[in-house]
Amino acid sequence: MNRVYIKTYGCQMNERDSEQVASSLRDRGYSVVDNEFDADVVLLNTCSVRDQAEQKAIGKAGYLSKRKRENPNFILGVMGCMAQNRGEELFDRLPDLDLVVGTQKFHRVPDHLDHLIQTSNGQGPRPSTLMDLGEEEGSQNTIKDHVSKTNEVSAFVSIMQGCNMNCAFCIVPKTRGSERSRPIEQIVEEVQELAVNGVKEVTFLGQIVTSYGRREFPVIDGKSPFVQLLERTNEVPGIERIRFTSPHPRGFKQDLVEAYRDLPKLCEYIHLPLQAGCDKTLRAMNRPYTKSRYRQIVDSLRAVVPHMYFSTDIIVGFPGETEEDFNESAAFFEDIGFDMAYIFKYSIRTGTPAEAMPDQIPQEEKERRNQVLLDILSKSSLQRNETLIGTTQEVLVEGPAKRGDAYMGKTRGHRNAIFEADERLIGHLVDLNIKRVTASSLYGDLVLAGVDTTN
Ligand code: SAH
Ligand code: F3S
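Since we're looking at a predicted model, the values are computed, not measured.

Chemist: When you look at the environment of Asn 14 in this model, what are you seeing that I'm missing?
Modeler: Here Asn 14 shows up in helix H1 (residues 12-27). Residue Asn 14 is classed as buried on the basis of its relative accessible area of 2%. Separated by 244 residues in sequence, Asn 14 and Glu 258 place their C-alpha atoms 30 Å apart. Discounting chain neighbours no more than four positions away, the residues touching Asn 14 are Thr 8, Tyr 9, Asn 45, Thr 46, Cys 47 and Arg 176. One polar contact links the side chain of Asn 14 to the main-chain carbonyl oxygen of Tyr 9, over a distance of 2.8 Å.

Chemist: I would appreciate a short explanation of the site of ligand 2 in the present structure.
Modeler: With respect to spatial proximity, the complete set of residues near ligand 2 consists of Cys 163, Met 165, Cys 167, Phe 169, Cys 170, Val 172, Pro 173, Gln 207, His 248 and Arg 287. When grouped by side-chain class, the residues that make up the shell around ligand 2 number 7 nonpolar, 2 polar and 1 charged.

Chemist: Just checking my understanding: could you explain the site of ligand 1 for this structure?
Modeler: Neighbouring residues of ligand 1: 14 residues in total, closest Gln 207, Ser 246, Gln 275, Asp 313 and Ser 347. Between an oxygen atom of ligand 1 and a side-chain N or O atom of Gln 275, the distance comes to 2.7 Å. The separation between a nitrogen atom of ligand 1 and a polar main-chain atom of Ser 347 is 2.8 Å. Burial of ligand 1 by the surrounding chains reaches 86%, relative to a free accessible area of 550 Å². Those elements that place two or more of their residues in the shell around ligand 1 are strand S13 (309-316) and strand S14 (340-345). For the shell around ligand 1, the class distribution of residues is 6 nonpolar, 4 polar and 4 charged.

Chemist: How do you make sense of the domain arrangement of the protein chain when you look at a structure like this?
Modeler: Frequently, the measure chosen for interface size is the accessible area removed from exposure when the parts meet. Each assigned domain of the protein chain is listed here: domain 1 (3-132), domain 2 (139-386) and domain 3 (392-447). For domain 2 and domain 3, the distance between their C-alpha centres works out to 25 Å. Each side of the interface is counted separately: domain 2 has 20 residues, and domain 3 has 21 residues. It is Val 153, Arg 241 and Asn 385 in domain 2 that bury the most area against domain 3; as a group they hold 39% of the surface buried on that side. Across the contact surface, domain 2 and domain 3 share 2 salt bridges.

Rules used throughout
- Residues numbered from 1 in each chain as written.
- Chains lettered and ligands numbered in written order.
- Predicted model: local features only at pLDDT ≥ 70, side-chain atom pairs only at ≥ 80, totals over all residues.
- Heavy atoms only, no water.
- Helix = DSSP H or I, 4+ residues; strand = E, 2+ residues; numbered from the N terminus.
- Buried < 20%, exposed > 50% of the residue type's maximum accessible area, 1.4 Å probe, protein only.
- Contact = heavy atoms within 4.5 Å.
- Polar contact = N/O pair within 3.5 Å; in protein donor to acceptor, adjacent residues only side chain to side chain.
- Near = heavy atom within 4 Å.
- Nonpolar A, V, L, I, M, F, W, Y, C, P; charged D, E, K, R; others polar.
- Areas by Shrake-Rupley, 256 points an atom, 1.4 Å probe, with all protein chains shown as cover.
- Domains from an automatic or database assignment.
- Buried area = accessible area lost by both parts, 1.4 Å probe.
- Salt bridge = Lys/Arg side-chain N within 4 Å of Asp/Glu carboxyl O.

Listed below in structure tokens is the structure:
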């Protein structure tokens, strides 16, 4: 009765939360398995950011309910954003559900499972269902354990929870609550521990990392708490690369731009959500910046690191986005020349301001606009990758590539690199001579003189 399978939907934050739940379950004596058929308990860690993500998880839960009918002791739980967003309603929709756990209660999962299992073993009345969705002070400080401390090369570290912005389209402030940050010291200790266990790259996670510690910790020497955290992390021995996701243009100040000049471990790749490249749409979205401000940030980063890589989030078909507005947005998107982008078709989220806005855009039109941006992106990322042919790129070797017997890793610019290598190079930084590229990957040969196998 103690084999648990966790299926994760959505963003890296969810991946990280699932790792945390897995780690706490292992500590409690559960075994975390990697396939649902071997499990006595299945937990779905869900996403609510778009309707499609919710529908996928609901479909999966419906399918798993069949298991429940065959085996009444089977336990099915829903955790995370959809649990928080839909709450009670989930039990109506999925009568076989046992457990619903919100985004501030992940650390309580072992207790809840213990309880469900003990009671189904006849030790006391088994609750038909268990729901835990409250807010919990200090829950941001419960996310610090990692599942496999030994074989990770690159690790995610959550530094804060929640978001205090009110983007008109976004459900996250509802599902993740208000901003709460972990102390710098605690995060640095976690990074040190990861480094001791062989991790070379950390990615800091938060819904709005530029707001990190804004209310909790002071600005020192003109540096925000987030930049202080980056500086401290830059000093951790063994850590070679620092990344983060996502900053907000509003909080992107000069101190962060200068961090790219001053901190050698901070990788020159930035994911900076744009959402729209048209001031009218940005206003309607309640995004407090203009496209010219966004442009300034990009220019100031390129001024300190000329080969800076940019990635973004952008939404097409926001209510009221006319053909003209979209064309303006697309032109701006093309002009910046993104290396990577997540392009989203606007999805109505119940309870958000944009739900009630007039002039919703028909689905076919969203599809069309989506395709226009995808075409621009594949052109700009291919063009960028082509400039890398013949150059030498530093690659952190992560492991075997998906296909064939090659290996894969990432450049500092977060380009996917594929090359012939050896298992012993996993976790090492190698130099790769780039021979051939596609829009999504670089192919190259190891520069053997640059191989460092000493550490
Ligand atoms: N600040 C968070 C955003 C989380 S949501 C972060 O950057 O990590 C991730 C992305 O989903 C958003 O940046 C936005 O582009 C997209 N998104 C959010 N709500 C959406 C909606 N209702 N429809 C379509 N895309 C949406
Ligand atoms: Fe969502 Fe906007 Fe925050 S996109 S997570 S409300 S910055």
